[in-house]
Amino acid sequence: MRSFFVALAAGLACLFLAVQPAQAERLRIALQKTGTLGWELAVIKAFGLDKEAKLDIDAIELASTDAGKIAIQGGGADLIISDWLWVARQRAQGQKLTFYPHSSSIGAVMTKNPAIRNVNDLAGRTLGVAGGPLDKSWLMLKAYALKYGVDLDKGATVLYGAPPLIAEKALQGEIDTALEFWNFAADLEAQGFTRAIELTDVEKALGAKGDVVVTGYVFDEGFAARNKDALARFFAASRKAKELIATSDRAWGAVIAERLAGKDAGTLDIYRKRYVAGAPKRPIAEEEADARTLYGALAALGGEKLVGPARTLDPGTFYKGAEGGPH
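The rules behind these values
- Residues numbered from 1 in each chain as written.
- Predicted model: local features only at pLDDT ≥ 70, side-chain atom pairs only at ≥ 80, totals over all residues.
- Heavy atoms only, no water.
- Pairing = 2+ DSSP bridges.
- Helix = DSSP H or I, 4+ residues; strand = E, 2+ residues; numbered from the N terminus.
- Axes fitted to C-alpha atoms, helices over the stretch in contact; angles between N-to-C directions.
- Contact = heavy atoms within 4.5 Å.
- Salt bridge = Lys/Arg side-chain N within 4 Å of Asp/Glu carboxyl O.
- Buried < 20%, exposed > 50% of the residue type's maximum accessible area, 1.4 Å probe, protein only.
- Phe/Tyr/Trp six-rings, centres within 6.5 Å; stacked < 30°, edge-to-face > 60°.
- Lys NZ or Arg CZ within 6 Å of the ring centre and 35° of its normal.

Asker: Is there a simple way to explain the sheet that holds strand β4 (residues 97–103) in this structure?
Answerer: Paired through their backbone hydrogen bonds, the strands of a sheet run either parallel or antiparallel. The strand order β3-β10-β4 describes an open sheet built from three strands, whose pairing is antiparallel. Edge positions in the sheet fall to β3 (80–83) and β4, since each has one partner strand and no second. Taking each pair of neighbouring strands and ignoring which way they run, the sheet shows an average axis angle of 45 degrees. Across six bridges, β4 lies against strand β10 (residues 215–220) in antiparallel orientation. Across the sheet, residue P101 finds its bridge partner in β10, namely G216.

Listed below in structure tokens is the structure:
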């Protein structure tokens, strides 16, 4: 009889454990304070998408994109947002990072000077560059300028800085032009600046066939192998958040309350329109093909100075292990 009760107790214990909810898996995500990943995380939290995906998202806000790069390289974060060109550089140097699409939204060269209309007009000007010297938009602009015989490193006065700093210097008239991230370009547009050079035009001039994904989630290959399912659930939650921002006024209201308080209605309309347009729509194979073309153009025009030691895009640069997303 005693053995019967022991067996019964053991069975009930197993049943109890089986019905316990799985513990949420933790993801440490380092993000720039002004970036749109913060929008999505705000919506994920507001709509309970993190709980639905059984994820415990630890958002670490940083002041700059460079700080995020340091965090992922030093093990201080599991995911960051960066560009595929930086990932390719790191892979060429032996660090096995990989990239999954987040947005094709890209900025522009912004100015209030009507005499600045193309890349030739940047010679002799002061150009503010949002991000660091290895930012993908800046490298593409330099390669594009070289096609027209303009070496921006030598022919322009270049100032690097975080996007808010560059935008402020542009507003104060301290620089002639600003190469800004798309959301800061939207702010400047609302303040009377014009888009002198569209970076989508730069991409196509360098050989891209469509609007190329610009930023993506960056993470280590080893982390991806150990956390494939958690990553797939996070990417699915991110896609749901994007759809909600595009279609739900409640979701857009959460973004405004969390991240865009104080913006006027016209600026908010520009923000939402450009954000929605930037949601990745193409298969990963097409994105990778265009990225390979752009990488080749950068390598041919600027060599190691622009792209680093590798002459071709490493095939592991784009992550292909996510289920249910772009293929």
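Asker: Can you walk me through the sheet that holds strand β7 (residues 157–161) in this structure?
Answerer: Across the sheet, five strands lie side by side as β7-β6-β8-β5-β9; this open sheet has mixed pairing. In this open sheet, the two strands that pair with only one neighbour each are β7 and β9 (194–198). Strand after strand, the sheet turns through a mean of 25 degrees between neighbouring axes, direction not considered. Inspection of the sheet shows strand β5 (residues 108–111) paired to β9 by four bridges, in the antiparallel sense. Bridge pairing links V109 to I197 in β9. Taken strand by strand, helix α8 (residues 163–171) contacts β6 (126–130), β7 and β8 (177–180), and its axis lies near 135 degrees from that of β7. Here helix α9 (residues 182–190) sits on the sheet in contact with β5, β8 and β9, set at roughly 140 degrees to β8.

Asker: Explanation requested: the pattern of salt bridges in the structure shown.
Answerer: Close approach of charged atoms allows side chains of opposite charge to pair. Inspection of the entire model under this criterion finds 23 salt bridges. Between K242 and E40 there is a salt bridge, and its shortest N-O distance comes to 2.9 Å. Taken together, the residues K242 in helix α12 (residues 228–247) and E40 in helix α2 (residues 37–46) connect sequence positions 202 residues apart. The partner of R91 in a salt bridge is E221, and the shortest N-O contact between them spans 2.8 Å. Residue R91 is located in helix α5 (residues 84–92), and its partner E221 is located in helix α11 (residues 221–226); the two are separated by 130 residues in the primary sequence.

Asker: Hey, could you run me through α9 in this one?
Answerer: Along an α-helix, residues three or four apart share an orientation, since each turn contains 3.6 residues. Most of α9 sits inside the fold, with seven of its nine residues counted as buried. Those residues of α9 that fall on the buried side of the exposure criterion are W182, N183, F184, A185, A186, D187 and L188. Positive backbone phi, approximately 95 degrees, marks G192, located one or two places after α9.

Asker: What is the right way to read the packing of aromatic side chains from this model?
Answerer: By the definition in use, this model includes 16 aromatic pairs. Ring geometry for W39 versus Y271: centroids 5.9 Å apart, planes at 25 degrees, classification stacked. Placement of W39 in helix α2 and of Y271 in helix α14 (residues 265–277) is noted, with a sequence separation of 232 residues between them. In this structure, R250 is placed above the aromatic ring of F47, and the distance from its NZ or CZ to the ring centre is 4.1 Å.

Remember that the coordinates give geometry; whether it matters functionally is a separate question.
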